Amino acid sequence: GVNRATLGGNGYSATTLFAPQANFRLDKADLLTAVSTVSRIRYDGAPARDVTDGSIGLTWQRVLGRNWTIAPGLAFTNEHAADRAFSDLAKTASLEFSGSLPDGLRLRTAGSVTWPDSRAPESWAASARKARRTRLSLTVTKAFDGGYYASLSWLALRTRSNLGLYSTARRQLQLQISKNF
């Protein structure tokens, strides 16, 4: 894929991405998914942050019965930036749980923890950045006549870093109505 981001009407970044995926059906209830990603991000105003990365991930999805599934996953990402302070080696562990509720409702909950570690300190920092990012989400979806869907989603993101500048917290609540044509 290719993406061009703008900020205030000006160019900000350009991304190219290639992400092949392979699914392996282990048996009726188990699916193993392997993903390998290679991407390149170029920042218009900050060439030191331009990054090329590669990642591999593995997810095992197990059908628990009555349309419920659980899917733990692991991923590893290796980022190389022009400035080593923006080069990371990251590990991610994730877990997703989804299924059908009464009255045609569908539930999906997911969580992940990522540990990105920078390879070198930024010019102003005494040590390289070490962090832990957590992501939790919950979505309830309902299908309606005529191809309409409504979903209510909650998302919480938190980054804790040894460099306070990178510690953040974000919560989001979203209501979405869509139609399939």
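Structure: above.
If you're wondering where the values come from, they're calculated on a predicted model, not measured in any experiment.

Caption draft 1: A look at the environment of Ala 5. Within the secondary structure layout, Ala 5 lies in strand E1 (residues 2-7). Between the C-alpha atom of Ala 5 and that of Asp 44, which follows or precedes it by 39 residues, the distance is 10.0 Å.

Caption draft 2: The packing of aromatic side chains, seen in detail. Under the criterion given, the structure shown has 2 aromatic pairs. Taking the centre distance of 5.8 Å and the plane angle of 80 degrees together, the rings of Tyr 12 and Tyr 43 count as edge-to-face. Here Tyr 12 is found in strand E2 (residues 10-18), whereas its partner Tyr 43 is found in strand E4 (residues 30-43), with 31 residues between them in sequence. Residue Tyr 12 is classed as partly exposed on the basis of its relative accessible area of 39%. Its relative accessible area of 19% is what places Tyr 43 among the buried residues.

Caption draft 3: Quick look at the side chain of Thr 33. Checked against the element boundaries, Thr 33 lands in strand E4. Given a relative accessible area of 14%, Thr 33 falls into the buried group. One polar contact links Thr 33 to Asn 23, side chain to side chain, over a distance of 2.8 Å. Residues within four places of Thr 33 in sequence aside, it is in contact with Gln 21, Ala 22, Asn 23, Gly 57, Leu 58 and Thr 59.

Caption draft 4: View of the pairing of E1. For E1, the buried fraction is low: 0 of the 6 residues fall into the buried class. Bridge count between E1 and E2: 6 bridges; the pairing is antiparallel. Paired with Ala 5 across the strands is Ser 13, a residue of E2. Connecting the antiparallel pair E1 and E2 is a turn made up of 2 residues, with Gly 8 showing a positive phi of about 65 degrees.

Caption draft 5: Representation of the nonpolar core. Among the nonpolar cores identified, the biggest contains 5 residues, and these are Ile 41, Tyr 43, Val 51, Ala 81 and Phe 86. Excluding residues that lie within four positions of it along the chain, Tyr 43 makes contacts with Tyr 12, Ser 13, Arg 49 and Asp 50.

Caption draft 6: Molecular detail of the pattern of salt bridges. Inspection of every chain in the model, using the stated rule, returns 4 salt bridges. The residue Arg 62 makes a salt bridge to Asp 30 at a minimum N-O spacing of 2.7 Å. Here the residue Arg 62 occupies a position in strand E5 (residues 51-65), and Asp 30 occupies one in strand E4, the gap between them amounting to 32 residues. Residue Asp 44 is joined to Arg 42 by a salt bridge in which the shortest nitrogen-to-oxygen separation is 2.9 Å. Each of Arg 4, Arg 42 and Asp 44 takes part in one network of salt bridges that share partners.

Caption draft 7: View of the environment of Asp 117. Along the chain, the position of Asp 117 falls in strand E8 (residues 105-118). Sequence spacing of Asp 117 and Phe 86 is 31 residues, and the spatial spacing of their C-alpha atoms is 9.5 Å. Dropping the residues within four chain positions of it, Asp 117 is found in contact with Ser 87, Asp 88, Leu 89, Lys 91, Arg 129, Lys 130 and Ala 131.

Caption draft 8: Representation of a nonpolar patch on the surface in the model. A cluster of nonpolar residues, Leu 136, Leu 138, Leu 152, Trp 154, Leu 173 and Leu 175, forms a patch on the protein surface that exposes about 610 Å² of accessible area. Breaking the nonpolar patch down by element, the ones donating at least two residues are strand E9 (131-144), strand E10 (148-161) and strand E11 (168-179). The topology assignment puts Leu 136 in strand E9.

Definitions and cut-offs
Here, residues in each chain are numbered from 1, in the same order as that chain's written sequence. This being a predicted model, a pLDDT of at least 70 is required before a residue's local features are given, and a value of 80 or more before pairs of side-chain atoms are given or counted; all residues contribute to the totals for chains, interfaces and linings. Note that the side-chain values use all heavy atoms of the structure and ignore hydrogens as well as water. Secondary structure elements follow DSSP: runs of H or I of four or more residues count as helices, runs of E of two or more count as strands, with numbering from the N terminus. Ring pairs are drawn from Phe, Tyr and Trp, using the six-membered ring of Trp, whenever the two centres fall within 6.5 Å, and their geometry is named by plane angle: stacked under 30 degrees, edge-to-face over 60, tilted for the rest. Throughout, exposure labels follow a simple rule: accessible area from a 1.4 Å probe, protein chains only, divided by the maximum for the residue type, with under 20% read as buried, over 50% as exposed, and the rest as partly exposed. Throughout this description, a polar contact denotes any pair of N or O atoms lying within 3.5 Å of each other; where both atoms belong to protein, one of them has to be capable of donating a hydrogen while the other can accept it, and for residues adjacent in sequence the pair is counted only when both atoms sit in side chains. Residue contacts are defined here by distance: any two heavy atoms, one from each residue, within 4.5 Å place the two residues in contact. Any two strands between which DSSP finds at least two bridges are classified as paired. Residues belong to one nonpolar core when they are buried, are Ala, Val, Leu, Ile, Met, Phe, Trp, Tyr or Cys, and are joined through side-chain atoms within 4.5 Å. The term salt bridge refers to a side-chain nitrogen of Lys or Arg lying within 4 Å of a carboxyl oxygen of Asp or Glu. Patches were defined on residues exceeding 30% relative accessible area and lacking a salt bridge, with like-charge contacts within 9 Å and nonpolar side-chain contacts (Val, Leu, Ile, Met, Phe, Trp, Tyr) within 5 Å. Note on areas: Shrake-Rupley, 1.4 Å probe, and residue coverage restricted to the protein chains presented here.

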